[in-house]
Amino acid sequence: MIRFVFRRLLIMLVQILIITFIAYLLFFVIASLTGANPAQRVAGKAATPAEIRQVAHVMGTDRPWYEQYGRFLWHLAQGNLGYSFQRRQPVADIVFPAAGVTASLVIGAAIVWLLIATVVGVASAMWPRSVIDRTLTLIVMVAIAAPVFWVAPMLAYLLAYQPTQGKLFGMSLGHSVTVFPIQGYSSITHVGEWARHLALPWFALAIGFAALYARFIRAYILEQLGEDYVRTARAKGVREQRILVRHIGPIVAPAIITLLALDIGAALGGALFVEQVFGLPGLGYVGLSSIQNLDYALTVGTITFAALVAVAANTVADLGQAALDPRVRV
């Protein structure tokens, strides 16, 4: 196990180096080569060439690209994501609070989609080809076809905006009701308001993933139900619920963990749309605004931090799968 952990951490380090190199090269070196000089952006349009050179020296963009990248890695190893000269504050002071919002969104959505997928997948697998299975399969297929950039505004309109107009799904309520906030975010210190602000974003981000996981869980359980060890357990009189929890569950869990780690990175992409629709000040919101404002340092810092989270999630999933299934360590 120790050798596997060491090997997996080494792979993570290589992935981080590749990702940070691409991010830095894309937004600093290419920007300089195309004339969209970061120093020019900070100094302003009216700046003289001498002033631009002085700003470039302060920012460090007048040095060779490999020296800039090495300096970036050195700062990154110390937890320093750079400095946003346009916002006049460290990138970490902007990214870390935004990361907390995105983490609340993604982790909450992951819990929601796992709960929904487990219930739907198990129900479909335990009663295959029944009315329950066919109904749930139809709902799942519709959910798979619904993209997050459509689901999010629909939920916001139907369950947040319409009730404030005295309507719900087109039916009159007789008076305005505020059930879910249309936009905004509340600190987790106020748990009730925090959950109320994130309820619709959680479901908007979770619906598509829940549908895919439900199909996977259904197929995996049906496959295991046909195995010899299940027939043997049934012959001994073991109840179906116990077979599902004690025998099939430990086999399905490692695969779910692996999928979850991969989808955390994918969920970060979907979180961009959800944050924009519901006005959540997360990484997607910060990253998009930094690109629009050509804030190179903030853009690189945001992308790097998101990539680090995705790589770390994959590594933790691999280690967790190895702990659950010794065959993975080989």
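## Looking at the overall build of the protein chain
- Counting its regular elements, the protein chain contains 12 helices and 4 strands.
- Referenced to the eigenvectors of the C-alpha coordinate spread, the extents of the protein chain come out at roughly 85 × 65 × 35 Å.
- Approximately 17,900 Å² of the protein chain is accessible, and the part contributed by carbon and sulfur atoms is 68%.
- Averaging the coordinates of the 24 positive side-chain charges in the protein chain and doing the same for the 15 negative ones gives two points 5 Å apart.

## Brief notes about the side chain of Gln224
- Note that Gln224 resides in helix H8 (residues 191-225).
- In terms of polar contacts, Gln224 uses its side chain to reach the side chain of Tyr229, at 2.8 Å.
- The contact partners of Gln224, leaving out residues within four places of it in the chain, are Tyr229, Val230, Ile248 and Ile251.

## Concerning the packing of aromatic side chains
- For the structure on display, the rule yields 6 aromatic pairs.
- Geometrically, the ring pair formed by Phe149 and Phe273 is tilted, given 6.0 Å between the ring centres and 55° between the ring planes. Taken together, the residues span a long stretch of sequence, with Phe149 in helix H7 (residues 148-164) and Phe273 in helix H10 (residues 240-278) at a distance of 124 residues.
- Taking relative accessible area as the criterion, Phe149 reaches 53% and is therefore assigned exposed.
- For Phe273, a relative accessible area of 39% gives the class partly exposed.
- Both rings, one in Trp194 and one in Trp202, keep their centres 5.4 Å apart while their planes meet at 75°; by these two values the pair is edge-to-face. Of the two residues, Trp194 and Trp202, neither departs from the other in class, the shared state being buried.

## A word on the nonpolar core
- The biggest cluster of nonpolar side chains holds 50 residues, and the ones touching the most others in it are Trp113, Leu205, Ile221, Ile248, Val274 and Phe278.
- Contributing elements (two or more residues each) for this core: helix H5 (91-126), helix H6 (131-145), H7, H8, helix H9 (228-235) and H10.
- For this core, the element with the most residues is H8, which contributes 15 residues.
- Residue contacts for Val274: discarding those within four places in its chain leaves Leu105, Val148, Ala152, Pro201, Ala204 and Leu205.
- The next biggest cluster of nonpolar side chains, apart from the first, holds 16 residues, and it includes Tyr69, Ile94, Ala99 and Val286.

## With respect to empty space enclosed by the protein
- Taken as a whole and assessed by the stated rule, the structure comprises 2 cavities of 30 Å³ or more.
- In terms of lining residues, the largest cavity is bounded by Pro38, Val42, Met59, Tyr83, Phe85, Gln86, Leu294, Asp295, Tyr296 and Ala297.
- Taken as a whole, the second largest cavity encloses approximately 40 Å³ of empty space.
- Taken together, Val120, Gly121, Ser124, Leu136, Thr137, Val140, Ala214, Arg215 and Arg218 make up the lining of the second largest cavity.
- Elements with a contribution of two residues or more to the lining of the second largest cavity: H5, H6 and H8.

## Considering the environment of Val238
- The residue Val238 is located in the loop between H9 and H10 in this model.
- For Val238, a relative accessible area of 24% puts it in the partly exposed group.
- With residues near it in sequence (within four places) discarded, Val238 still touches Ala233 and Ile243.

## Considering H6
- Between its first and last C-alpha, H6 extends 21 Å over 15 residues, near the 21 Å set by a 1.5 Å rise per residue.
- Among the structural elements, H5 and H8 are those in contact with the buried residues of H6.

## What about the pattern of salt bridges?
- Using the criterion set out here, one finds 2 salt bridges in the structure.
- The salt bridge partner of Asp133 is Arg218, with a shortest N-O separation of 2.8 Å. Of this pair, Asp133 sits in helix H6 while Arg218 sits in helix H8, and the two are 85 residues apart along the sequence.
- Classification of Asp133 as buried rests on a relative accessible area of 3%.
- On the basis of relative accessible area, Arg218 is assigned to the buried category, the value being 17%.
- Its salt-bridge partner being Arg196, residue Glu193 comes within 3.2 Å of it at the nearest N-O pair. On the criterion of helical spacing, the pair formed by Glu193 and Arg196 is a turn pair, its members being 3 residues apart in helix H8.

## Some thoughts on the environment of Leu225
- Here Leu225 lies in helix H8.
- Each C-alpha atom of the pair Leu225 and Ile243 lies 9.1 Å from the other, and the pair is 18 residues apart in sequence.
- For Leu225, the contacting residues outside a window of four places in its chain are Ala125, Val230, Arg234, Glu240 and Ile248.

## With respect to the confidence of the model for the protein chain
- When the pLDDT values of the protein chain are averaged, the result is 81; 91% of them are 70 or greater.
- No element of the protein chain has a lower mean pLDDT than helix H2 (residues 38-43), which averages 70, and none a higher one than H5, which averages 90.

## Structural notes on the side chain of Asp133
- Of note is the side chain of Asp133, whose polar atom sits 2.8 Å from the backbone nitrogen of Arg129.
- Sequence-distant contacts of Asp133, that is, excluding residues within four places in its chain, are made with Ser124, Trp127, Pro128 and Arg218.

Calculation notes
Residues numbered from 1 in each chain as written. Predicted model: local features only at pLDDT ≥ 70, side-chain atom pairs only at ≥ 80, totals over all residues. Heavy atoms only, no water. Helix = DSSP H or I, 4+ residues; strand = E, 2+ residues; numbered from the N terminus. Areas by Shrake-Rupley, 256 points an atom, 1.4 Å probe, with all protein chains shown as cover. Lys, Arg positive; Asp, Glu negative; His and termini not counted. Charge placed at Lys NZ, Arg CZ, Asp CG, Glu CD. Polar contact = N/O pair within 3.5 Å; in protein donor to acceptor, adjacent residues only side chain to side chain. Contact = heavy atoms within 4.5 Å. Phe/Tyr/Trp six-rings, centres within 6.5 Å; stacked < 30°, edge-to-face > 60°. Buried < 20%, exposed > 50% of the residue type's maximum accessible area, 1.4 Å probe, protein only. Core = buried A, V, L, I, M, F, W, Y, C linked by side-chain atoms within 4.5 Å. 1 Å grid on protein atoms, 1.4 Å probe; cavity = no way out; pocket = protein on both sides within 12 Å on 5 of 7 lines; lining within 4 Å. Points joined across faces, edges and corners; volume = space filled by probe spheres on them. Expected span 1.5 Å × (residues − 1). Salt bridge = Lys/Arg side-chain N within 4 Å of Asp/Glu carboxyl O. pLDDT = per-residue confidence, 0-100.

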